[in-house]
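Listed below, chain by chain, are the residues.
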Protein chains: 2
Amino acid sequence: MERPLIFITNDDSYWAKGIQLLIKLMSNIGDVVVVAPLTQQSGKSHAITTIRPLRLKKMEEREGYIGYACNGTPVDCVKMAFSIVFKDRKPDLVVAGINHGSNASINTIYSGTMAAVFEGCAEGIPSIGFSVDNHDVEADFSHCSSFIDKISKDVLEKGLDEHICLNVNFPQDEIKGVKVCHQAKAYWNERFLERKDPMGFSYYWLTGIYNCRDENNRADHIAMKDGYCAITPMHVDLTAYKVIEDYKIRFE
Amino acid sequence: MERPLIFITNDDSYWAKGIQLLIKLMSNIGDVVVVAPLTQQSGKSHAITTIRPLRLKKMEEREGYIGYACNGTPVDCVKMAFSIVFKDRKPDLVVAGINHGSNASINTIYSGTMAAVFEGCAEGIPSIGFSVDNHDVEADFSHCSSFIDKISKDVLEKGLDEHICLNVNFPQDEIKGVKVCHQAKAYWNERFLERKDPMGFSYYWLTGIYNCRDENNRADHIAMKDGYCAITPMHVDLTAYKVIEDYKIRFE
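Residues numbered from 1 in each chain as written. Chains lettered and ligands numbered in written order. Predicted model: local features only at pLDDT ≥ 70, side-chain atom pairs only at ≥ 80, totals over all residues.

Regarding its fold elements, chain A presents seven helices and 11 strands. Its C-alpha atoms give chain A a radius of gyration of 19 Å, near enough to 18 Å, the size a compact globule of 252 residues would have. The buried share among the 252 residues of chain A stands at 52%. Excluding contacts between residues fewer than 6 apart, the proportion of contacts in chain A whose partners are at least 24 apart in sequence is 76%. (Helix = DSSP H or I, 4+ residues; strand = E, 2+ residues; numbered from the N terminus. Rg over C-alpha atoms; globule rule 2.2 N^0.38 Å. Buried ≥ 20, exposed ≤ 12 C-beta atoms within 10 Å, placed from the backbone. Contact = placed C-beta atoms within 7 Å.)

Written out as structure tokens, the structure is:
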């Protein structure tokens with residue numbers, strides 16, 4: 001039987017420790033193609049590159065593995081992969097990560113990793129994003145390996161519902177089990193750090209404080225902080241259906 | 001009575017024709033503060049700038065108007081506005097646009113304009129994005145003026161439900177009326193245009209063909225193409241609630 005074809009990308013770059021573990025894990029399951037950003041692309045969300053051309057560089061090719069780096073965003077990587085690399089055979093699974101840092105709650109919308117997952121989903125391929133609540137670039141994510149293996153094999157075997165993808169977030173340390181969650185209600189309270197350049201002009205660094213306003217233990221951020229692997233099924237429909245009937249009366 | 005304070009941003013830049021009309025319209029309603037990108041930021045989605053510092057430059061100040069330009073993304077503009085400009089008094093309304101090009105359907109997730117609207121919404125301020133189905137930088141959007149005026153006044157007066165914002169998309173020409181819609185199911189079929197540089201190496205330009213897979217006349221893209229002003233109420237919760245119970249059985 002033909003080995004499954006697995007496409008891997010991320011936003012932390014081709015060189016990140018997280019993607020290296022994901023490549024190792026997926027290579028146990030199938031053949032792997034990577035198209036990942038050349039440079040760090042955290043917080044790039046669904047950004048696409050239209051005002052400058054893109055490059056795609058083959059980094060490595062060996063039995064069961066081809067790796068490319070792209071000088072664009074995570075979404076550019078997925079679009080290039082499907083348009084240029086996967087001409088003859090589409091992948092059976094798209095996985096992104098393992099992200100250095102949580103993509104639970106509001107972080108989903110800023111995340112380049114999750115944007116790549118939504119792109120895979122839009123291509124009609126079962127797609128999963130894996131993230132760990134640990135930003136350290138040297139972090140060891142091996143406590144997640146057996147969960148990633150199991151979830152990936154399950155999705156490869158049974159697929160996912162149409163237009164649905166998974167946002168999987170792991171705690172920093174020991175994992176108590178799995179909880180299927182909803183996106184936690186949360187926001188960032190921004191603080192810009194002001195500094196002066198050598199000419200005396202102000203410049204600002206974006207920083208922020210995370211605020212969770214959800215208390216439900218089925219909210220992804222809460223479940224993750226409680227030590228669970230939080231699986232949130234997602235889609236790209238942002239419609240707030242609950243107000244539609246009221247707003248018809250109000251605006252039409 | 002104090003005039004309302006209205007915050008305006010966009011993704012087409014401080015210099016775009018669309019934002020100039022929006023400034024004119026909002027100045028009839030209240031005092032206006034603009035923080036808009038210095039350069040074109042279309043397709044930047046929720047991207048935030050963290051690997052380089054940001055600058056904020058006051059461009060113009062006159063009675064009832066202050067305009068700033070920022071060297072970041074639309075989301076950076078909103079975060080800087082709320083963190084640096086609106087220290088004493090928060091705005092009463094956030095409006096973004098008028099975008100040159102539709103932000104209906106899947107375009108919502110790539111749009112810098114709509115990302116700015118979601119940021120305003122996360123700050124707890126009623127927020128609206130206005131877009132016209134016309135990419136021409138010289139396009140005349142004056143056929144939308146009376147609708148923008150009416151919707152903005154309505155939202156200023158009555159507010160919006162908590163965590164809900166509006167994505168308003170206008171047709172290119174005559175407007176038949178208003179329809180409250182859902183986000184149309186659609187996707188982009190990417191085509192990368194390959195060219196050779198003077199050294200003979202390949203580079204690629206991102207292009208694509210839009211595919212709508214929705215036929216409902218309440219889908220925003222369809223309503224807009226039918227000549228209606230399509231108002232889609234939105235929120236930033238990407239959870240696919242309909243599969244949660246099934247996935248608990250499957251993954252837990």
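Still more to cover.
Turning our attention to the sheet that holds strand β7 (residues 165–170) of chain A. Residues and elements named next belong to chain A. If you walk across this open sheet you meet the nine strands as β3-β4-β2-β1-β5-β6-β7-β11-β8, and the pairing is mixed. The outermost strands of the open sheet, each flanked by one partner alone, are β3 (56–62) and β8 (178–180). Each strand of the sheet is rotated relative to its neighbour by a mean of 20 degrees, with strand direction disregarded. As paired elements, strand β6 (residues 127–132) and β7 share five bridges and run parallel to each other. Within β7, the position partnered with Phe 130 by the bridge is Val 168. Helix α1 (residues 17–27) contacts β1 (5–9), β2 (31–37), β4 (65–70), β5 (93–100) and β6 of the sheet and is inclined by roughly 145 degrees relative to β5. Of the strands in this sheet, β1, β5, β6 and β7 touch helix α4 (residues 112–122), which is tilted by about 170 degrees from β6. (Pairing = 2+ DSSP bridges. Axes fitted to C-alpha atoms, helices over the stretch in contact; angles between N-to-C directions.)

Superposing chain B onto chain A requires a rotation of 180 degrees together with a translation of 0.0 Å along the rotation axis, leaving an RMSD of 0.0 Å. Taken together, the turn and the small shift mark the pair as related by a two-fold rotation axis. A share of 100% of interface residues in chain B that are also interface residues in chain A marks the association as one of identical surfaces. (Least-squares fit on C-alpha atoms with pLDDT ≥ 70 in both.)

With that settled, the discussion passes to the interface of chain B and chain A. Taken together, the contacts link 60 residues of chain B with 60 residues of chain A. Listed by contribution, the elements that provide at least two residues to the side of chain B that touches chain A are α2 (74–85), α3 (107–110), α4 (112–122), β8 (178–180), β9 (186–196), β10 (202–212), β11 (229–234) and α7 (244–251) of chain B. Of the residues forming the side of chain B that touches chain A, the biggest block, six residues, is contributed by α2(B). A breakdown of the residues in the side of chain B that touches chain A according to their chemical character gives 35 nonpolar, 14 polar and 11 charged. (Nonpolar A, V, L, I, M, F, W, Y, C, P; charged D, E, K, R; others polar.)

Glancing now at helix α2 (residues 74–85) of chain A. Where burial is concerned, most of α2(A) is hidden: nine out of the 12 residues are buried. Within the span of α2(A), buried status applies to A:Pro74, A:Val75, A:Asp76, A:Cys77, A:Val78, A:Lys79, A:Met80, A:Ala81 and A:Phe82.

This paragraph deals with unusual backbone geometry. Residue and element names in this part refer to chain A. The omega torsion across Gly 97 and Ile 98 is -10 degrees, close enough to zero to call that bond cis. Within the secondary structure layout, Ile 98 lies in strand β5. Residues other than glycine seldom take positive phi values, yet Ser 13 does so here, at roughly 100 degrees. Look at Ser 13 and you get partly exposed, because 17 C-beta atoms sit within 10 Å.

Here we take up the packing of α2(B) against α4(B). Residues and elements named next belong to chain B. Their axes nearest at 8 Å, the elements α2 and α4 cross at an angle of 25 degrees. Here α4 runs roughly parallel to α2, going by the angle between their axes. As α2 runs across α4, the sense of the crossing is right-handed. Each of Pro 74, Val 75, Cys 77, Val 78 and Lys 79 in α2 lies in contact with α4, whose residues at this interface are Gly 112, Thr 113, Ala 115, Ala 116, Glu 119 and Gly 120. When its residues are assigned to classes, the contact of α2 with α4 shows six nonpolar, three polar and two charged. (Parallel < 35°, antiparallel > 145°, perpendicular 65-115°, else oblique. Left-handed = near helix turned anticlockwise from the far one by under 90°.)

So, about the pairing of strand β5 (residues 93–100) of chain B. Residue and element names in this part refer to chain B. When you tally the buried positions in β5, you get eight out of eight residues, the bulk of the element. Of the strand pairs in this sheet, strand β1 (residues 5–9) and β5 are connected by four bridges, and their pairing is parallel. Paired with Phe 7 across the strands is Val 94, a residue of β5. Here β5 runs beside strand β6 (residues 127–132); their pairing, made up of five bridges, is parallel.

Another point: the nonpolar core. The nonpolar side chains of a soluble globular protein tend to be buried with one another. With 158 residues, the main nonpolar core has A:Val95 and B:Val95 as its most contacted residues. With residues up to four places along the chain from it excluded, the contact list for A:Val95 reads A:Ile6, A:Ile8, A:Leu22, A:Met26, A:Ile128, A:Phe130 and A:Ser152. (Core = buried A, V, L, I, M, F, W, Y, C linked by C-beta atoms within 7 Å.)

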